[in-house]
Amino acid sequence: MTLFVEASEPLAMLSGPRWLALEVKYLDRAVSFYEAFLDLDVRREAAEEAALAVGDADLILRAPGDVPRGGLHTHYALAIPRDSYDDWFARLEERFDLEEATFGESRSLYFYDTEGNCVELGQRDVAHPDGGVAGLFEIVLEVEALDPATAFYERLGFDVVDRGDERRRVRLSTGELDLELWEPQLGLADGRGGVHVDFGVAAADPAGAAASVEDAAMGSEDVAEGVRIRDPDGHYVTLVAD
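Everything quoted here is computed from the prediction, not taken from an experiment. (Residues numbered from 1 in each chain as written. Predicted model: local features only at pLDDT ≥ 70, side-chain atom pairs only at ≥ 80, totals over all residues. Heavy atoms only, no water.)

Visitor: In this structure, what is going on with the overall build of the chain? I would like to understand it.
Guide: The number of helices and strands found in the chain is four helices and 16 strands. Here the chain has a C-alpha radius of gyration of 17 Å; the compact-globule value for 242 residues is 18 Å, and the two agree. Across the 242 residues that make up the chain, the buried fraction comes to 56%. The contacts in the chain between residues at least 6 apart in sequence include a share of 62% that link residues at least 24 apart. Here the chain displays about 11,200 Å² of accessible surface, and carbon together with sulfur accounts for 45% of that area. Charged side chains of the chain number 21 positive and 51 negative; the gap between the two group centres comes to 3 Å. (Helix = DSSP H or I, 4+ residues; strand = E, 2+ residues; numbered from the N terminus. Rg over C-alpha atoms; globule rule 2.2 N^0.38 Å. Buried < 20%, exposed > 50% of the residue type's maximum accessible area, 1.4 Å probe, protein only. Contact = heavy atoms within 4.5 Å. Areas by Shrake-Rupley, 256 points an atom, 1.4 Å probe, with all protein chains shown as cover. Lys, Arg positive; Asp, Glu negative; His and termini not counted. Charge placed at Lys NZ, Arg CZ, Asp CG, Glu CD.)

Visitor: Where do I start with the pairing of strand β3 (residues 49–54) in this structure?
Guide: Consecutive side chains along a regular strand alternate between the two faces of the sheet. Most of β3 sits inside the fold, with five of its six residues counted as buried. When strand β2 (residues 42–45) meets β3, the two strands line up antiparallel, connected through three bridges. Looking at the pairing, valine 42 lines up with leucine 52 of β3. The turn joining β2 and β3, which pair antiparallel and follow one another in sequence, is formed by three residues. (Pairing = 2+ DSSP bridges.)

Visitor: Sorry, what's going on with the confidence of the model for the chain here?
Guide: Low pLDDT means the predicted atomic positions in that stretch should not be read closely. This prediction gives the chain a mean pLDDT of 93; 95% of its residues lie at or above 70. In this model residues 1–12 is a low-confidence stretch, pLDDT under 50, and it forms 28 contacts with partners more than four residues away in sequence or in other chains. (pLDDT = per-residue confidence, 0-100.)

Visitor: When you look at the sheet that holds β3 in this model, what are you seeing that I'm missing?
Guide: The strands that make up a sheet pair up through hydrogen bonds in the backbone, lying either parallel or antiparallel. Spatially, β2-β3-β4-β1-β13-β16-β15-β14 is the arrangement adopted by the eight strands of the open sheet, whose pairing is mixed. The two strands at the open ends of the sheet, each matched to only one other strand, are β2 and β14 (219–223). Ignoring which end each strand starts from, the neighbouring axes of this sheet average 20 degrees apart. Two strands pair when backbone bridges link them, and β3 and strand β4 (residues 57–62) are joined in this way by six bridges, in the antiparallel orientation. Looking across to β4, one finds that valine 54 is bridged to alanine 57. Strand contacts of helix α3 (residues 146–156): β1 (14–23), β13 (198–203), β15 (226–230) and β16 (236–241), with the helix running at about 10 degrees to β16, the strand carrying the most contacts. (Axes fitted to C-alpha atoms, helices over the stretch in contact; angles between N-to-C directions.)

Visitor: Would you explain the sheet that holds strand β11 (residues 169–173) in this entry?
Guide: Taken in spatial order, the eight strands make up an open sheet running β6-β7-β8-β5-β9-β12-β11-β10, and their pairing is mixed. Only two strands of the sheet have a single neighbouring strand rather than two, namely β6 (99–103) and β10 (159–163). Across the sheet, the axes of successive neighbouring strands diverge by a mean angle of 25 degrees, strand direction being ignored.

Visitor: Where do I start with a negative patch on the surface in this structure?
Guide: Residues Asp28, Glu35, Asp41 and Glu45 make up a contiguous surface patch of negative charge. Note that aspartate 41 resides in the loop between α1 (27–38) and β2. (Patch = residues over 30% accessible without salt bridge, like charges linked within 9 Å, V, L, I, M, F, W, Y side chains within 5 Å. Salt bridge = Lys/Arg side-chain N within 4 Å of Asp/Glu carboxyl O.)

Visitor: When you look at the nonpolar core in this model, what are you seeing that I'm missing?
Guide: What tends to happen in soluble globular proteins is that the nonpolar side chains get buried as a cluster. By size, the foremost hydrophobic cluster in this structure holds 59 residues, and its most contacted members are Tyr34 and Tyr153. Of the residues forming this core, the biggest block, seven residues, is contributed by α1. Setting aside its immediate chain neighbours within four residues, tyrosine 34 contacts Leu22, Asp39, Leu40, Leu52, Leu59, Leu61, Tyr76, Asp113 and Val119. (Core = buried A, V, L, I, M, F, W, Y, C linked by side-chain atoms within 4.5 Å.)

Here's what the structure looks like:
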């Protein structure tokens, strides 16, 4: 059953992403893929998961096991400096059937990783000494129904910045992290919203933000990083003290 949640003024301000976790079948293979094609460095590694550096955030690759699991078939976007886009395109088109899209003055390219996640590299006003990946700026979640999911994340602290005209989608943002909510569908580059996604976002007041959605969340618990919430569609979002 889907609960409708009325939007209200958020109790705590959210900011940048702290991590995005993806479930992978073979951890070594997935780590090697991201090291080879995106030049990501391993920040830490254990038997069941590895965290790769994407700016200040982590891209966590997680083998099947305990919950929260990582997202499956998740469309997400990584930020690259504007002047490195052509170099990235030339490099990746040798191995992938790339697709492109333009958003105003910004371009994005799309390809798929070993697990069927749609990886987007998008031009942003960021810097990197080697023109590499400088951050995580977008995560796409699959939701059962847009209205209650949108209201839930508005209460949590995201602001609606765009609604789809031709596709069933809503874009929300903290200013540093964009969250796209899609009802089941194929989107750009035939990407899909992720299911049982696990991500972290910085919050000025994690407990206050969690309390604002307590009546609609499937669950909430204190964890080492902050407060972990399970949203009505089964995604896990952890609010981390900023």
